[in-house]
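# Coordinate inspection notes
Residue-level listing of the chains:
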Amino acid sequence: MSETKKPKTFQEIDAQLQSDLGKISGEIAEIESHLEIGQRMFDEAVAANMDEAVIGKYKKGLEELQKGLEMFLGIKAEIEQTIATLHDTVKKAEEHIK
């Protein structure tokens, strides 16, 4: 017994995309906060002439956070583009129906 899935409406798809966009934006804000804190810690480690191994770990951590930020910014851009395309499609569909 397979369950038939009801197709989603444009409004349902838009609502899901908007929700996803909000979640991604939250992740971006969190990563940016961690980057600020990490940069401060890195700068303090450099200023205190800490061991190169410690400075290297801070640097590697900052690089990883930056990669994560870039990934999430890419996802955000894709979602925003999908939302724009969806709205354009809805507009065209409504014009076609008229």
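Scroll up a little and you will see the structure.
So, here is what we can say about the structure in this document. Just so we're clear, the structure is a prediction, and the values are computed from it rather than from any experiment.

Definitions and limits used
Residues numbered from 1 in each chain as written. Predicted model: local features only at pLDDT ≥ 70, side-chain atom pairs only at ≥ 80, totals over all residues. Heavy atoms only, no water. Helix = DSSP H or I, 4+ residues; strand = E, 2+ residues; numbered from the N terminus. Expected span 1.5 Å × (residues − 1). Buried < 20%, exposed > 50% of the residue type's maximum accessible area, 1.4 Å probe, protein only. Contact = heavy atoms within 4.5 Å. Axes fitted to C-alpha atoms, helices over the stretch in contact; angles between N-to-C directions. Parallel < 35°, antiparallel > 145°, perpendicular 65-115°, else oblique. Left-handed = near helix turned anticlockwise from the far one by under 90°. Nonpolar A, V, L, I, M, F, W, Y, C, P; charged D, E, K, R; others polar. Salt bridge = Lys/Arg side-chain N within 4 Å of Asp/Glu carboxyl O.

### Details of helix H1 (residues 10–47)
For H1, which comprises 38 residues, the first-to-last C-alpha distance of 54 Å matches the rise-based estimate of 56 Å (1.5 Å per residue) to within 8%. Within H1, the full set of buried residues consists of Asp14, Leu17, Leu21, Ile24, Ile28, Ile31, Leu35, Gly38, Phe42 and Ala45. The inward-facing, buried residues of H1 contact helix H2 (52–97). Phi turns positive one or two residues past the end of H1, at Asn49, with a value near 50°.

### What to know about the packing of H1 against H2
Close contact between H1 and H2 brings their axes to 9 Å; oriented N to C, the two are set at 160°. Considering their axes alone, H1 and H2 lie roughly antiparallel with respect to each other. Regarding H1 and H2, the two cross each other, and that crossing is left-handed. Counted by class, the contact of H1 with H2 contains 24 nonpolar, 10 polar and seven charged residues.

### Brief notes about the pattern of salt bridges
Following the criterion strictly, the structure yields two salt bridges and no others. The partner of Lys92 in a salt bridge is Asp88, with the nearest N and O atoms 3.3 Å apart. Pair noted here: Lys92 and Asp88 are both in helix H2, with a separation of four residues, about one helical turn. Taking relative accessible area as the criterion, Asp88 reaches 37% and is therefore assigned partly exposed.

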